[in-house]
Amino acid sequence: MRFMMLMIPGGYETAAPGTMPPVEAVAAMMKYNAALKEAGVLITLDGLHPPSMGARVSFPGGKPVVTDGPFTEAKEVLGGYWMIEVKSREEAIAWAKRCPASNHEIIEIRQVQEMADFPAEVQEAAAGFAELQGTCGR
């Protein structure tokens with residue numbers, strides 16, 4: 001089972017462009033990331049720049065409209081993510097609990113939808129999806 005663990009750092013929604021985490025936090029997080037890799041559960045991970053450097057594309061009336069960050073209505077934003085492959089939701093939660101997060105950070109855990117989760121007609125409509133992912137047989 002694949003799970004995405006989403007880091008939601010409090011206050012990041014108003015962070016200035018170029019905001020960086022403290023060196024001590026990065027060092028602690030690197031130890032955690034290494035433990036994920038050593039356990040063989042890590043697929044990928046990345047950190048994200050603050051929303052002040054991003055953009056959103058919405059589609060009112062079906063037409064694209066670009067809004068540059070920061071986004072005043074945002075209450076929670078992503079600061080980064082891990083994609084892991086584990087045997088259960090409980091194992092994903094156990095890994096999230098080991099994260100050296102601070103008291104103003106939250107990790108949201110979401111299971112990745114696998115093609116086998118969908119009814120046959122949806123699988124048929126999504127023919128070729130695995131090739132788009134760069135993998136076969138998932």
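Residues numbered from 1 in each chain as written. Predicted model: local features only at pLDDT ≥ 70, side-chain atom pairs only at ≥ 80, totals over all residues. Heavy atoms only, no water.

Student: Any chance you could explain the sheet that holds strand β6 (residues 105–111) here in plain terms?
Tutor: The pairing of strands in a sheet happens through backbone hydrogen bonds and is either parallel or antiparallel. Here we have four strands laid out as an open sheet, ordered β2-β5-β1-β6, and antiparallel in their pairing. Both outer strands of the open sheet, β2 (42–47) and β6, are each paired with one neighbouring strand and no more. Within this sheet the neighbouring strands show an average axis-to-axis angle of 15°, counted without direction. With six bridges joining them, strand β1 (residues 2–9) and strand β5 (residues 80–85) adopt antiparallel strand pairing. Considered in β5, the bridge of M7 is made with G80. The strands that helix α1 (residues 23–38) touches are β1, β2 and β5; relative to β5, the one it contacts most, it runs at about 20°. (Pairing = 2+ DSSP bridges. Helix = DSSP H or I, 4+ residues; strand = E, 2+ residues; numbered from the N terminus. Axes fitted to C-alpha atoms, helices over the stretch in contact; angles between N-to-C directions. Contact = heavy atoms within 4.5 Å.)

Student: Can you walk me through the confidence of the model for the protein in this structure?
Tutor: Regions with low pLDDT should not have their predicted coordinates read in detail. Taken as a whole, the protein shows an average pLDDT of 92; of its residues, 97% reach a score of 70 or greater. Mean pLDDT per element in the protein: helix α4 (residues 129–133) is the minimum at 81, and helix α2 (residues 89–97) is the maximum at 98. (pLDDT = per-residue confidence, 0-100.)

Student: Is there a simple way to think about the packing of aromatic side chains in this case?
Tutor: To describe a pair of aromatic rings, you give the distance between the ring centres and the angle between the ring planes. This model, assessed by the stated rule, comprises one aromatic pair. Between Y32 and W82, the aromatic rings sit 5.6 Å apart at their centres with planes inclined by 90°, giving edge-to-face as the arrangement. Of the two residues, Y32 sits in helix α1 while W82 sits in strand β5, which places them 50 residues apart along the sequence. For Y32, a relative accessible area of 4% puts it in the buried group. For W82, a relative accessible area of 4% gives the class buried. Between R56 and the ring centre of F71, over which it is positioned, the NZ or CZ distance is 4.1 Å. (Phe/Tyr/Trp six-rings, centres within 6.5 Å; stacked < 30°, edge-to-face > 60°. Buried < 20%, exposed > 50% of the residue type's maximum accessible area, 1.4 Å probe, protein only. Lys NZ or Arg CZ within 6 Å of the ring centre and 35° of its normal.)

Student: Would you explain α1 in this entry?
Tutor: Counted at 1.5 Å a residue, the expected span for α1 with its 16 residues is 22 Å, and the 22 Å between its end C-alpha atoms agrees. Among the residues of α1, those classed as buried are M29, Y32, N33 and L36. Summarising the axial view, the buried residues of α1 lie within an arc of 100°, below the 170-degree limit, and thus occupy one face. When the buried face of α1 is taken as reference, the exposed residues oriented beyond 90 degrees from it are V23, E24, M30, K31 and E38. (Expected span 1.5 Å × (residues − 1). Arc of directions from axis to C-beta.)

Student: Before we go on, may I ask you to explain the pairing of β5 in this structure?
Tutor: Each regular strand shows side chains that alternate between the opposite faces of the sheet. Here β2 runs beside β5; their pairing, made up of five bridges, is antiparallel. From the neighbouring strand, L42 faces β5, where its bridge partner is I84.

Student: I keep staring at a nonpolar patch on the surface and nothing clicks. Help me out?
Tutor: On the surface, V57, F59 and V66 cluster together into a nonpolar patch covering about 310 Å² of accessible area. Within the secondary structure layout, F59 lies in the loop between β3 (55–58) and β4 (65–68). (Patch = residues over 30% accessible without salt bridge, like charges linked within 9 Å, V, L, I, M, F, W, Y side chains within 5 Å. Areas by Shrake-Rupley, 256 points an atom, 1.4 Å probe, with all protein chains shown as cover. Salt bridge = Lys/Arg side-chain N within 4 Å of Asp/Glu carboxyl O.)

Student: What am I meant to see in the pattern of salt bridges here?
Tutor: Where charged atoms from two side chains of opposite charge come close, those side chains can pair. Per the counting criterion, the structure on display carries two salt bridges. Close ionic contact of R2 with E114 constitutes a salt bridge, the shortest N to O distance being 3.0 Å. Of the two residues, R2 is situated in strand β1 and E114 in the loop between β6 and α3 (120–125); the sequence distance between them amounts to 112 residues. The class for E114 is buried, based on a relative accessible area of 18%. Ionic pairing is found between R110 and E108, a salt bridge with its closest N-O pair at 3.2 Å.

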